[in-house]
Amino acid sequence: MNVLGISPLDKDATVTLVENGTVTYAAGEERFTRVKLQDGFPHHALNDAFARTGLSPASIDKVVYPFLSADREAALFGASLAEEHRLLGSARNYRSRGPLASARQRVRPRTEAVPGLRNPNETISKGAVKRLGYRLLGGEGLLSRRAAMRGSDEWGRSATTGHQQWQTDLESSLRDLGLLDKLSRVEHHASHAANAYFTSGFTDALVVTLDGYGSGLAGTVSAARGGVIKRLHSIPFPHSLGTLYETVTSALGLTAGRHEGKVVGLAAYGDPALLSEVLLSRIEQEPGSFRILESNNPYFARLL
């Protein structure tokens, strides 16, 4: 069986060919367009895949795409966001002002030079209006929760438009190739889990997926044994570590969904003990799971 895998079209679009269980081709569209994280249907990568493997659209048995239909995805995240509104309406109060003040006292002066700074402890302060805004909208209380709800609603509208656009692009491109009737949609986190497990080389494995969003979920834990993956637990959206990472990236002045790799590098130079108390005050933990309060509030990361 020849299977053509098309990654999500929102960014970093890729093509993979699997012939009788063996990956024979994999490439990202950005390698041909030279545009980082190239989105849209990967026409160049697909043409190259056919040229290098000798396959053609007629020889493809199945096309697999790791998202459900746009309507189904919208229904799933719509239900998740409605549940978040209910949660925020009854969530406990939390206080960040005291822990933030305590964190400032624990910041140690730097003694080694930092390239680009006149002195290693040089800082830039936001204006008074922004500082007040971040404290009110990202700190605690009614305004903060309303900001989180508004952020979730805006995300929902954007995600609805995005899924509809990607679906149109995917289906029209496959129709032109005569492959639309071979399209099979897969739940997003099931695709991530399969990708991790079947390329790992392990017969038995614990598989963990963590993502911004996918088919109503932000994360899963599965047991994989003998080629079979069984899901044990899932984290519903919007309790998403990926979304939290995006808001941190944006708060640092970088572009969310593009520059998270830079934040990974910067993190090696940070001290997680400084702000962990404030961050964990927004995460309700229980055995085997967690919930992030106000995960779509962009002002919390700016407050930090």
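A. Main features of the side chain of serine 173. Examined against the element boundaries, serine 173 turns out to sit in helix 6 (residues 142–176). Take serine 173: its relative accessible area is 5%, and that puts it in the buried class. A distance of 3.5 Å separates the side chain of serine 173 from the side chain of histidine 43, its partner in a polar contact. Those residues in contact with serine 173 that sit more than four places away from it in its chain are Phe41 and His43.

B. Focus on the pattern of salt bridges. Taken as a whole and assessed by the stated rule, the structure comprises eight salt bridges. Notably, a salt bridge pairs aspartate 48 with arginine 52, separated by 2.8 Å at the nearest N-O pair. Of this pair, aspartate 48 and arginine 52 both sit in helix 2 (residues 43–53), four residues apart, which is roughly one turn of the helix. Between arginine 185 and glutamate 171 there is a salt bridge, with its nearest N and O atoms 3.4 Å apart. With arginine 185 in strand 5 (residues 183–185) and glutamate 171 in helix 6, this pair connects stretches of sequence that are 14 residues apart. What makes glutamate 171 partly exposed here is its relative accessible area of 23%.

Thresholds, definitions, all that
Residues numbered from 1 in each chain as written. Predicted model: local features only at pLDDT ≥ 70, side-chain atom pairs only at ≥ 80, totals over all residues. Heavy atoms only, no water. Helix = DSSP H or I, 4+ residues; strand = E, 2+ residues; numbered from the N terminus. Buried < 20%, exposed > 50% of the residue type's maximum accessible area, 1.4 Å probe, protein only. Polar contact = N/O pair within 3.5 Å; in protein donor to acceptor, adjacent residues only side chain to side chain. Contact = heavy atoms within 4.5 Å. Salt bridge = Lys/Arg side-chain N within 4 Å of Asp/Glu carboxyl O.

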